[in-house]
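Structure assessment
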Amino acid sequence: MNLLIVDDEIFVIQGLLDSVNWEQLGLDKIFIANNFAQAVNIFMQNEINILLSDIEMPFGSGIDLVEWVNRIFLKQNVFF
């Protein structure tokens, strides 16, 4: 399983990476993005199973991102 962490604050991402034993949770890859556009790019190039996103970010919120994911991937019968 692959995880995408999206946050505009790099220290938040680093804190999450350092504080959780991700391998123990069965994750194969962890992707990080700092904004909506980077997250969309990662989604389009990789299979993402879990999304962990900040809500308040410049240039597109976490809510916008979840809506985009549902709109694009629900058409392909992939549900989040």
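Please refer to the structure higher up on the page.
Here, residues in each chain are numbered from 1, in the same order as that chain's written sequence. For a predicted model such as this one, the threshold for reporting local features is a pLDDT of at least 70, and the threshold for listing and counting side-chain atom pairs is 80 or more; totals across whole chains, interfaces and linings nevertheless cover every residue. For side-chain calculations, the full set of non-hydrogen atoms in the structure is used, while hydrogens and water are omitted.

1. A closer look at the environment of Ile-30
Threshold: By definition, any uninterrupted DSSP run of H or I lasting at least four residues is a helix, any uninterrupted run of E lasting at least two residues is a strand, and each is numbered from the N terminus. Relative accessible area decides the class of each residue, using a 1.4 Å probe on protein chains only: under 20% of the type maximum gives buried, over 50% gives exposed, and in between gives partly exposed. Two residues qualify as a contact provided that any one of their heavy atoms is within 4.5 Å of a heavy atom in the partner residue.
Residue position: Ile-30 is located in strand β2 (residues 29–33). Residue Ile-30 is classed as partly exposed on the basis of its relative accessible area, which comes to 32%. C-alpha of Ile-30 to C-alpha of Ile-48: the two residues are 18 residues apart in sequence and 9.1 Å apart in space. Those residues in contact with Ile-30 that lie beyond four places of it in its chain are Leu-3, Ile-5, Leu-17 and Trp-22.

2. As for unusual backbone geometry
Despite not being glycine, Phe-59 has its phi angle at roughly 65°, a positive value. Residue position: Phe-59 is located in the loop between β3 (50–53) and α3 (62–74). Since its relative accessible area comes to 78%, Phe-59 is described here as exposed.

3. Let's talk about helix α2 (residues 36–45)
What counts, and what does not: Of all possible arcs, the one meant is that of the directions from the helix axis to the C-beta atoms. Pairs of N or O atoms within 3.5 Å make up the polar contacts considered here, provided that, within protein, one atom can donate a hydrogen while the other can accept it, and that residues adjacent in sequence are counted only when both atoms are side-chain atoms.
Buried within α2 are the following residues: Ala-39, Val-40, Ile-42 and Phe-43. Seen end-on, α2 carries its buried residues on one side only, within an arc spanning 165°. Of the exposed residues in α2, the ones pointing more than 90 degrees away from its buried face are Ala-37, Met-44 and Gln-45. For α2, the elements touching its buried residues are β1 (2–6), β2, β3 and α3. You can read the cap of α2 off the contacts: a side-chain oxygen lies 3.1 Å from the backbone nitrogen of Ala-37, and it is on Asn-35.

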